[in-house]
Amino acid sequence: MTLITPAFPDGGVIPVKYSQAAEGVAPGEGTSPALMWSNAPAGTQSFFLHMHDLELARNKTTDDQPHWVVWNIPATATGMPEGVKKGAQLPDGSYQISATGQMYRGPGAAANGPPHHYTFEIYALDTKLDVQPGTDAFETRANVLKAIQGHILGKAVYMGLFRRPQ
């Protein structure tokens, strides 16, 4: 599988437009970048998208920050548009959540530290998941990650760097 975005190069800097630092963006929000994937394995029944900040640990645990968890994306999908709207359930029937709520959470690493690594992962699954969105993104993500075990047909990864402008 392959995952790409026209918003920034793989391993490159994520533009402020897609972050919490963008002008007019409420704290913890942002505009999601367009994502496209291809070469899904035969037998794919749904996709799971996981965006997370590898540097931010919660409460001294191994839990990193869930910036966007989207599951039960239809098998016919080949991407996500820029600027996905808020809401637990998207028009295509998939569900979304982040540490901010039922939405994409843009990168927000502090200006005075090193850039953080934001990883986008797309998984092709051989099933649709029987997971309902909860109120806690960490718990919901844990439930999704548990549910995908034994159902992963393929995976693609794309990474961007971000830290707030000085």
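Look up a bit, the structure's there.
Residues numbered from 1 in each chain as written. Predicted model: local features only at pLDDT ≥ 70, side-chain atom pairs only at ≥ 80, totals over all residues. Heavy atoms only, no water.

Chemist: Help me understand the overall build of the protein in this model?
Modeler: Of regular secondary structure, the protein possesses 1 helix and 8 strands. Put simply, the protein runs from its N terminus to its C terminus through helices and strands in the order β-β-β-β-β-β-β-α-β. Each principal axis of the C-alpha distribution contributes one length, and for the protein these read about 45 × 30 × 30 Å. Counting all 166 residues of the protein, 46% fall into the buried class. Once local pairs closer than 6 in sequence are excluded, the contacts in the protein between residues at least 24 apart make up 77%. Element-wise, carbon and sulfur atoms account for 52% of the exposed surface of the protein, whose accessible area totals about 7900 Å². (Helix = DSSP H or I, 4+ residues; strand = E, 2+ residues; numbered from the N terminus. Buried < 20%, exposed > 50% of the residue type's maximum accessible area, 1.4 Å probe, protein only. Contact = heavy atoms within 4.5 Å. Areas by Shrake-Rupley, 256 points an atom, 1.4 Å probe, with all protein chains shown as cover.)

Chemist: What is the right way to read the pattern of salt bridges from this model?
Modeler: Two side chains that carry opposite charge are able to pair once their charged atoms sit near each other. Enumeration according to the criterion identifies 5 salt bridges in this entry. The partner of Arg141 in a salt bridge is Asp64, with the nearest N and O atoms 2.8 Å apart. Highlighted residues: Arg141 in helix H1 (residues 137–148) and Asp64 in strand S4 (residues 64–74), separated in sequence by 77 residues. Judged by its relative accessible area of 3%, Arg141 falls in the buried class. Note on Asp64: relative accessible area 14%, which makes it buried. For Lys155, the salt bridge identified is with Glu121, shortest N-O distance 3.6 Å. (Salt bridge = Lys/Arg side-chain N within 4 Å of Asp/Glu carboxyl O.)

Chemist: What is the right way to read the side chain of Thr44 from this model?
Modeler: You can see Thr44 is positioned in the loop between strand S2 (35–38) and strand S3 (46–57). A relative accessible area of 12% means that Thr44 is categorised as buried. In this structure Thr44 touches Ala75, Ala124, Leu125 and Leu153, once residues within four positions along its chain are discounted.

Chemist: Quick question: what am I supposed to make of the packing of aromatic side chains here?
Modeler: Geometrically, a pair of aromatic rings is defined through the distance of the ring centres and the angle of the planes. Tallied over the full model, the rule gives 6 aromatic pairs. Both rings, one in Phe8 and one in Phe120, keep their centres 6.2 Å apart while their planes meet at 45 degrees; by these two values the pair is tilted. Of this pair, Phe8 sits in the loop between strand S1 (2–4) and S2 while Phe120 sits in strand S7 (residues 116–125), placing them 112 residues apart in sequence. One exposure class covers both Phe8 and Phe120, and it is buried. (Phe/Tyr/Trp six-rings, centres within 6.5 Å; stacked < 30°, edge-to-face > 60°.)

Chemist: When you look at the pairing of S7 in this model, what are you seeing that I'm missing?
Modeler: For a regular strand, side-chain orientation follows a simple rule: the groups alternate between the two sheet faces. With 9 of 10 residues buried, S7 lies mostly within the body of the structure. Bridge count for S7 against strand S8 (residues 152–162) is 10 bridges, and the pairing is antiparallel. Bridge assignment links Glu121 to a residue of S8, and that residue is Val157. (Pairing = 2+ DSSP bridges.)

Chemist: Explain the nonpolar core to me, please; I cannot follow it from the model alone.
Modeler: Nonpolar side chains in soluble globular proteins generally cluster together in the buried interior. Counting 26 residues, the largest nonpolar core has Leu3, Trp37, Leu49, Trp68, Ile73 and Met80 as its most contacted members. If you tally residues by element for this core, the top one is S7, at 4 residues. Not counting the four nearest positions on each side in its chain, Ile73 is found in contact with Trp37, Ser46, Phe47, Leu49, Met80, Asp92 and Ser94. Core analysis: the second largest hydrophobic core is formed by 12 residues, Phe48, Val69, Ala137 and Val144 among them. (Core = buried A, V, L, I, M, F, W, Y, C linked by side-chain atoms within 4.5 Å.)

Chemist: Explanation requested: unusual backbone geometry in the structure shown.
Modeler: Trans is the prevailing form of peptide bonds, just as negative phi is the prevailing case for residues other than glycine. A positive phi is found at Asn39, a non-glycine position, where the angle reads about 60 degrees. Within the secondary structure layout, Asn39 lies in the loop between S2 and S3. Residues other than glycine seldom take positive phi values, yet Asn72 does so here, at roughly 65 degrees. Take Asn72: it is sitting in strand S4. According to the relative accessible area criterion, Asn72 is buried, its value standing at 5%.

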